[in-house]
Amino acid sequence: MKAIWIIISKNLKHQLKSPIFWLILIAFPIAQLTIFSSLFSTAQVVEQTVVKLTQLYATDTVFTFDRFAIIVLGQFFLIGSIIASSYLVSEREDRTLMRTFTLPLTKAQIFSGHMLSLIMLLLLVITIIMIMGSLLFNVQWSANYLNLFIVTVLCAFLSSSFGFFISSVFKNGNMFGGIMSCTVILMSFLNGDMTSGKLLFRNSDFLTLNKWITSSYTGLNQGLGLRELALDITVIGALGLIFAGAAIALFRKENLHE
Amino acid sequence: MIEFNNVIKRFGSTIAVDNLCLRINTGEIFGLLGPNGAGKSTANKMLIGLLKPTSGSITVNSLDIAQHGLKTRKHLALVPQELAVYESMSAQENIVFFAKLAGLKGKELQNKTDNALDFCGLLDYRYKKVKTFSWGMKRRLNIACAIVNEPQIIIMDEPTVGIDPQSRSHILDSIQTLNERGMTVIYTSHYMSEVERICDRVGIIDQGKLIAVGTTAEIKSRLNNQEKIIVQTLDINYAALDEIKKLYGVENAVYNGYQLEIQTAAVKNNVLDALTVLAKHNVQLLKIELEKPTLEDVYLSLTGRSLRD
Ligand SMILES: Nc1ncnc2c1ncn2[C@@H]1O[C@H](COP(=O)(O)OP(=O)(O)OP(=O)(O)O)[C@@H](O)[C@H]1O
Ligand SMILES: [Mg+2]
């Protein structure tokens, strides 16, 4: 347990010192929200935007600023997991990960250390975005803080295990960065974030992680309870477990075959 | 005690380590020599558990590392051949991180961190970021991160490559000090002088096979019957050189850079014969030396390759 905490505290300290972290994960989403909130507050634009958006989101009863904030949040789960897990790629390239394997630690301890660092970092990013969102832009994430907490932890778990998995498949830094960016952009297309709600093909959003994340937050935002969100939550949990399992399988082989 | 029992490691069709049987005694400094690609690093990595042998077993203090990896790693540490340090952290942060993971804490952590920094001459740079370090300083930190918890057994894979002679000498002294306190050292190197200086016993490995093992004196005694005659002269004609090559007992003779080197099998004393030939051809001699075989010569005769130095 102690070893796990040593790894976590080193990782967190390192990430929190990085300007990229603050710039991309905190400043960027806030800027995005600011720009859109100014669009929403300009009456004319709002009218146009809402008309356009309501046509596209025909199923949505209302398109509010909250809905937009949720899309941003969903994206930053994934972007956060790219940035945080790219650190794992550099651990591998610098052979510091290999060095930890020579120490009297189990692979399970090392894996847990890195996985928990990812989850904690994502939780931190998402919490900051949510707090800023509600303080600065009055976003009502959910009235039920416990439910909000549970959903957020599950989503952080899913994004982290996804990032960990991708970083174990594409061990080369440039490869990893490219693949992760493409994945996030592709997902944004598939689920309509990039195309104002228009899907690439029928139900293409089912292939993306954001869909499940945003739909569970949308549910929370609309006051639904965990029972009504059972499908979303189950999918998020199951996908998280699948990616985590795959990441563990790859991690076990690490440094044995190279 | 460390034992390799019939250890084989294959990478696809390459056999990196070929049926290695080797025993390294507790408390000794064991030198592992061999040309590039001989399988030294592979053997080191298998010992610490980074690679699994294709077949065979390795034991540390009678514990099989395949079953007791965690337990044996408590006593082992590796200085990897390549750098494995965090560039964005300071020297001290690096050492402390690995030391904590190895189980050090409190006062002991502090003292041993200082010792490790001192060991590698990095005390003055302890708070500097590693990315600002020179190559040699990074290499020194690479060593410090492994020796910090003073393990029972340290495996050093070409630890001093790229380190200046002065720091290298300091490091070799420190290794000997640690050894005197009971640490077993496995020392892989291409520097013969280092190996001769610190190692109690040496193993020579080539193409994955252990081809000689013993004290440096024992290994050298394999070539005891050989010696080298070195004659300095400003000029020599090729007739004389040819005649010397044909002498009974002479294995080879080469002339370059005003120096004639005659390699003899010393079945009999060839010096006088050679000198007679040189006198007959009126060769002006500046200096004559006789050289007993060095570890380098043994190595050359066993592997047919010379070490880069
Ligand atoms: N991960 C790997 N995959 C495939 N082949 C490998 C791998 N690692 C080592 N080898 C091969 O195994 C052989 C031994 O390599 P090793 O690194 O053990 O040599 P070495 O004695 O340490 O050489 P050097 O002096 O260059 O460090 C080489 O032929 C090498 O090509
Ligand atoms: Mg090597």
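What counts, and at which threshold
- Each residue is numbered by its place in its chain's sequence as written, counting from 1.
- For this description, chains carry letters from A and ligands carry numbers from 1, given in the order in which they are written.
- Since the coordinates come from a predicted model, pLDDT governs what is reported: local features require at least 70, and pairs of side-chain atoms require 80 or more to be given and counted, while whole-chain, interface and lining totals use all residues.
- Values shown for side chains rest on all heavy atoms present in the structure; no hydrogens or waters enter the calculation.
- Strand pairing is assigned whenever DSSP detects at least two bridges linking the two strands.
- For helices the rule is a DSSP run of H or I covering at least 4 residues; for strands it is a run of E covering at least 2, with both sets numbered from the N terminus onward.
- Helix axes are fitted to C-alpha atoms over the stretch in contact, other axes to C-alpha atoms as well, and angles between N-to-C directions run from 0 to 180 degrees.
- Pairs of residues are marked as contacts when any of their non-hydrogen atoms sit within 4.5 Å.
- To define a nonpolar core, start from buried Ala, Val, Leu, Ile, Met, Phe, Trp, Tyr and Cys residues and group those joined through side-chain atoms within 4.5 Å.
- Three labels apply to residues, based on accessible area from a 1.4 Å probe with only protein chains included: buried if under 20% of the type maximum, exposed if over 50%, partly exposed otherwise in between.
- Here, patches come from residues exposed beyond 30% relative accessible area and free of salt bridges, joined within 9 Å for like charges and within 5 Å for nonpolar side chains (Val, Leu, Ile, Met, Phe, Trp, Tyr).
- Method for areas: the Shrake-Rupley scheme with a 1.4 Å probe, in which residue coverage is limited to the protein chains shown.
- In the sections that follow, a salt bridge refers to a side-chain nitrogen of Lys or Arg positioned within 4 Å of a carboxyl oxygen of Asp or Glu.
- Sites may look incomplete, because water is not among the atoms used; the donor set itself consists of N, O and S atoms within 2.8 Å of the metal (3.2 Å for Na, K and Ca).
- Per-residue confidence from the predictor is reported as pLDDT, which spans 0 to 100.

**Some points on the sheet that holds strand β13 (residues 259–264) of chain B**
Residues and elements named next belong to chain B. Taken in spatial order, the four strands line up as β12-β13-β11-β14 in an open sheet, and their pairing is antiparallel. A strand with exactly one partner marks an edge of an open sheet, and here the two such strands are β12 (250–256) and β14 (285–291). Adjacent strand axes in the sheet meet at a mean angle of 15° when their direction is disregarded. Across six bridges, β12 lies against β13 in antiparallel orientation. Looking at β13, one finds that N252 is bridged to Q263. Helix α9 (residues 238–245) rests against β12 and β13 of the sheet, and its axis sits at about 155° to β12.

**A closer look at the nonpolar core**
Core analysis: the largest hydrophobic core is formed by 146 residues, its most contacted members being Y217 of chain A together with I175 of chain B. The element that contributes the greatest number of residues to this core is helix α4 (residues 65–93) of chain A, accounting for 16 residues. Excluding residues within four positions of it along the chain, Y217 of chain A makes contact with I70, L73, F77, I126, M130, W141, L148, V151, T152 and C155 of chain A.

**Quick word on the pairing of strand β2 (residues 14–24) of chain B**
As a general feature of sheets, a regular strand has side chains that alternate between the two faces. Residues and elements named next belong to chain B. Sheet topology note: the strand β1 (residues 2–11)/β2 ladder contains seven bridges and is antiparallel. The partner of I2 across the bridge, within β2, is I24. Following β1, the chain reverses through two residues before pairing antiparallel with β2; G12 in that reversal takes a positive phi of roughly 60°.

**Quick word on a nonpolar patch on the surface**
Where nonpolar side chains cluster on the molecular surface, the patch consists of I20, L23, I24 and F28 of chain A and spans about 390 Å² of accessible area. Its place among the elements puts I24 of chain A in helix α2 (residues 19–41).

**Let's talk about the coordination of the magnesium ion (ligand 2)**
All names here are of chain B. Every protein donor of the magnesium ion (ligand 2) is accounted for by S41 (OG) and Q81 (OE1), and the metal-donor separations fall at 1.9 to 2.1 Å. Placement of the pair is S41 in helix α1 (residues 40–48) and Q81 in the loop between β6 (76–79) and α3 (91–101), with a sequence separation of 40 residues. With relative accessibility at 27%, the residue Q81 sits in the partly exposed group.

**Some thoughts on the pattern of salt bridges**
All told, the structure shown has 14 salt bridges over all chains when counted by the stated rule. Connected through shared salt-bridge partners, K13 and K17 of chain A together with E93 of chain B make up one network.

**Some thoughts on the confidence of the model for chain A**
All names here are of chain A. Predicted confidence across chain A gives a mean pLDDT of 81, with 83% of residues reaching 70 or more. Within chain A, helix α5 (residues 96–101) carries the highest mean pLDDT (93), whereas helix α3 (residues 43–56) carries the lowest (50). Long-range and interchain partners of residues 54–62, a stretch whose pLDDT sits below 50, account for seven contacts in this model, where long-range means more than four residues apart.

**What to know about the sheet that holds β6 of chain B**
Residues and elements named next belong to chain B. Sheet architecture is open: six strands sit in the order β6-β7-β8-β3-β9-β10, paired in mixed fashion. The sheet is open, and its two edges are formed by β6 and β10 (209–214), each paired on a single side. Sheet twist, expressed as the mean angle between neighbouring strand axes with direction ignored, is 15°. In the sheet, strand β9 (residues 201–206) pairs with β10 via five bridges, with the strands oriented antiparallel. Considered in β10, the bridge of D206 is made with K209. Packing against the sheet, helix α6 (residues 165–180) makes contact with β3 (29–33), β7 (153–157) and β8 (184–188), and its axis sits at approximately 150° to β8.

**Some details on unusual backbone geometry**
Residue and element names in this part refer to chain B. The phi dihedral of N19 is positive, around 55°, even though this residue is not glycine. Tracing the backbone through its elements, the reader meets N19 in strand β2. With a phi angle near 45°, E150 is a residue other than glycine that sits in the positive phi range. Mapped onto the secondary structure, E150 falls in the loop between α5 (135–147) and β7. For E150, a relative accessible area of 28% puts it in the partly exposed group.

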